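# Remarks on the overall topology
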Amino acid sequence: MKSKLLIFLSMLLPAISMGAMNLRGIVYDVGLQYNPGQYSVENFDEQVVRYDMAVIADSLHCNAVRIEGEDLRRLTKAAEIAAEKGLKVFFNPWLMDADADDVATYMAKAAKRAELLRQKGIDITFVAGCEFSLFNRGIFEGNNVNERIASMMKLQQLADKPKKLQAATDEITMKLNRALGAIVKAVREHFKGDVTYSAGTWERVAWTMFDGIGVDYYRDRQSDREYIDGLGEYLRYGKPVWVMEVGCCAFEGAAQLGGGGFTVLQGVDKDGNGIYSGGKAPARSEKEQADYAEQQIRILNDTAIDGMFIFEFSFPIAPYRATGLDSDMTAYPIVKSFPADDPRSSQMPPWQPKEAFLRVAQVYGELSR
């Protein structure tokens, strides 16, 4: 636990170095339905997971992994494999496009599995959701994430009407915390370890119900000072704070877009070519992604947070192609996967490291010594 003095200093001067982060992590996806009926990881191969976890621990020098996915069997197996490599597990079950009641029921089942893992001696923290207001129903209007993003953007139209904006924000906050409260209650009935949540920066979470604070803290156009000062909102609670996601895509200009870089790809035409904002495909730049990752690791290591997770290890649903649609370029993985018609997709491993992989390995390696 931090001393009272350390907590006080972190509230006032979050930019001051408080010592190295405890956790150096990465996000590992075992399959999510961003689009109904389509998993981001189609085939769950235990051999690949075992290989990946060894790489995460030994080559990337991580000591923690945030495992996210919908299928509880996949999550459980991946957590067991991660633990075998000595990784602390952030167990992140994720049921998208459901309402709070369905999510609470699902989370209760997940909590039972997580508790069995904890009782086996696995160092595990339960992540009771991620950006619920966008990825689930009942907070913003809309039946899918794109519609809910549009609803959230409408709030900006109230900027010149502060009373209406405040009223709308208060209502959203009330709905969100009511939903999270029901989910946390369901989780704690079965899981006796620490519970956190992966919040969007727009969400005003009642953090008193959680043991630690998690925030998806992407950087876009902020200065170093602006970015670091924003952590004060989370550090003031005196609880462990984890940056649950940070990263950028692999094209020129992606760093200034941060968590919004994926929106550059707006669709695919009838010939399978990408449709990009501005009418032109950006130039691929693995260096930009690598520079961003290194900068964020170094900056965050000099704050009072307890750890961070680079987003993300792999994302097979967005493969790399040298010609045609390069989906990898507008996604966040630090390794590039390949389409099914590429023989490299059936090799071990079915991916190749990008510059960001090498850079994360270098900087995490320095911090691990």
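Everything here concerns the structure above.
First, a word on scope: everything that follows refers to the structure included in this document. Treat the numbers as computed from the prediction; the structure is a model and nothing was measured.

## Here's the deal with the sheet that holds strand E2 (residues 64–69)
The strands that make up a sheet pair up through hydrogen bonds in the backbone, lying either parallel or antiparallel. On the basis of which strands lie adjacent, the closed barrel formed by eight strands has the order E1-E2-E3-E4-E5-E6-E7-E10 and parallel pairing. This sheet shows a mean twist of 25° between the axes of neighbouring strands, independent of strand direction. Judged from the six bridges that link them, E2 and strand E3 (residues 88–93) form a sheet pairing that is parallel. Note on E3: the bridge partner recorded for glutamate 68 is asparagine 92. Lying on the sheet, helix H2 (residues 46–59) is in contact with strand E1 (23–29) and E2; it crosses E1 at an angle near 160°. In the packing of helix H10 (residues 286–301) onto the sheet, contacts are made with strand E7 (241–246) and strand E10 (307–310), and the angle to E10 comes to roughly 170°.

## Here we look at the layout of surface pockets
Rolled over the atoms, a probe as big as a water molecule pinpoints where empty space is left. Counted as a void, the second largest pocket has a volume near 680 Å³. If you go around the second largest pocket, you meet 27 residues; those closest to its centre are Val41, Asn43, Pro316, Ser345 and Pro350. Within the residue set of the lining of the second largest pocket, elements represented by two or more residues are E1 and H2. Sort the elements by how many residues they give to the lining of the second largest pocket and H2 lands first, with three residues. Split by residue class, the lining of the second largest pocket holds 15 nonpolar, eight polar and four charged.

## Some remarks on the pattern of salt bridges
Throughout the structure, instances matching the rule amount to 28 salt bridges. Among the ionic contacts, a cluster of salt bridges with common partners joins Arg284, Glu286, Asp326, Asp328, Lys336 and Lys354.

## A look at the packing of H10 against helix H11 (residues 355–368)
Their axes nearest at 7 Å, the elements H10 and H11 cross at an angle of 20°. Between H10 and H11, the angle is such that the two are roughly parallel. In the crossing of H10 with H11, the sense of the turn from one axis to the other is right-handed. Mapping the contact onto sequence places Glu286, Lys287, Gln289, Ala290, Asp291, Ala293, Glu294, Ile297, Arg298 and Asn301 in H10 and Glu355, Ala356, Arg359, Val360, Gln362, Val363, Tyr364, Glu366 and Leu367 in H11. Here the residues of the contact of H10 with H11 are counted per class, giving eight nonpolar, three polar and eight charged.

Reading the values: rules and limits
Residues numbered from 1 in each chain as written. Predicted model: local features only at pLDDT ≥ 70, side-chain atom pairs only at ≥ 80, totals over all residues. Heavy atoms only, no water. Pairing = 2+ DSSP bridges. Helix = DSSP H or I, 4+ residues; strand = E, 2+ residues; numbered from the N terminus. Axes fitted to C-alpha atoms, helices over the stretch in contact; angles between N-to-C directions. Contact = heavy atoms within 4.5 Å. 1 Å grid on protein atoms, 1.4 Å probe; cavity = no way out; pocket = protein on both sides within 12 Å on 5 of 7 lines; lining within 4 Å. Points joined across faces, edges and corners; volume = space filled by probe spheres on them. Nonpolar A, V, L, I, M, F, W, Y, C, P; charged D, E, K, R; others polar. Salt bridge = Lys/Arg side-chain N within 4 Å of Asp/Glu carboxyl O. Parallel < 35°, antiparallel > 145°, perpendicular 65-115°, else oblique. Left-handed = near helix turned anticlockwise from the far one by under 90°.

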